[in-house]
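One letter stands for each residue in the lines below.
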Amino acid sequence: MKIKGVSIGDKFINSMHRKNKIISTVVDFVEKRSFLTGEILGYDIVSEHIFLGQKMKGTAAFTTVLRNKVNS
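About the criteria used
Residues numbered from 1 in each chain as written. Predicted model: local features only at pLDDT ≥ 70, side-chain atom pairs only at ≥ 80, totals over all residues. Heavy atoms only, no water. Helix = DSSP H or I, 4+ residues; strand = E, 2+ residues; numbered from the N terminus. Contact = heavy atoms within 4.5 Å. Core = buried A, V, L, I, M, F, W, Y, C linked by side-chain atoms within 4.5 Å. Buried < 20%, exposed > 50% of the residue type's maximum accessible area, 1.4 Å probe, protein only. Salt bridge = Lys/Arg side-chain N within 4 Å of Asp/Glu carboxyl O. Pairing = 2+ DSSP bridges.

**Q** Help me understand the side chain of Thr64, please; the structure alone is not making it clear to me.
**A** For Thr64, the location among the structural elements is in helix α1 (residues 62-67). Apart from residues lying up to four places away in sequence, Thr64 is in contact with Phe12, Asn14 and Ser15.

What follows is the structure, encoded as structure tokens:
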């Protein structure tokens, strides 16, 4: 699945972790829907990274992923 130039498995450095150079991976897309109409308003990116030996999850913006992609 690819949305706005981002696909599952893309690796990037999140701007919050730039100093530590922690690499995050896109693991899923979550739909944002309107509570009233049920229409899809957009998507959020779910990312995953390892910090101090623990697997952490978070969200990221499409622009962050596209700007900070890591070539593997």
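Once the structure has been displayed, the description carries forward.
**Q** Please explain the nonpolar core as it appears in this structure.
**A** The tendency in soluble globular proteins is for nonpolar side chains to be buried side by side. Ile3, Val6, Phe12, Val26, Phe29, Ile45, Ala60, Phe62 and Val65 form the largest nonpolar core, which has nine residues in total. Looking at this core, the elements with two or more residues in it are β4 (23-33) and α1. Non-local contacts of Val26, meaning those with residues more than four positions away in its chain, are made with Val6, Ser7, Ile8, Gly9, Asp10, Phe12, Ile45, Val46, Ser47 and Val65.

**Q** Looking at this structure, how should I read the pattern of salt bridges?
**A** Pairs can form between side chains of opposite charge whenever their charged atoms are close. Evaluated as defined, the whole model comprises three salt bridges. As a salt-bridge pair, Asp10 and Lys69 come within 3.3 Å of each other at their nearest N and O atoms. Here Lys69 lies in the segment after α1 and Asp10 lies in the loop between β2 (6-7) and β3 (11-13), a separation of 59 residues in the sequence. A salt bridge links Lys32 to Asp44; the shortest N-O distance between them is 3.7 Å. One end of the pair, Lys32, is in strand β4; the other, Asp44, is in strand β5 (residues 40-51), with 12 residues separating them in the sequence. By relative accessible area, which is 39% here, Lys32 ends up partly exposed. Residue class for Asp44 comes out partly exposed when judged on its relative accessible area of 30%.

**Q** Just checking my understanding: could you explain the pairing of β5 for this structure?
**A** If a strand is regular, its side chains alternate between the two faces of the sheet. By the bridge criterion, eight bridges tie β4 to β5 in an arrangement that is antiparallel. Bridge pairing links Val30 to Asp44 in β5. Between β4 and β5, which pair antiparallel one after the other, the connecting turn spans six residues, and Gly38 there sits at a positive phi close to 80°. Pairing between β5 and strand β6 (residues 54-60): seven bridges, direction antiparallel. Paired with Phe51 across the two strands is Gln54, which belongs to β6. If you look at the hairpin formed by β5 and β6, you'll find two residues sitting between the two strands, and Leu52 has a positive phi there, around 50°.

Nothing here speaks to function; it is geometry throughout.
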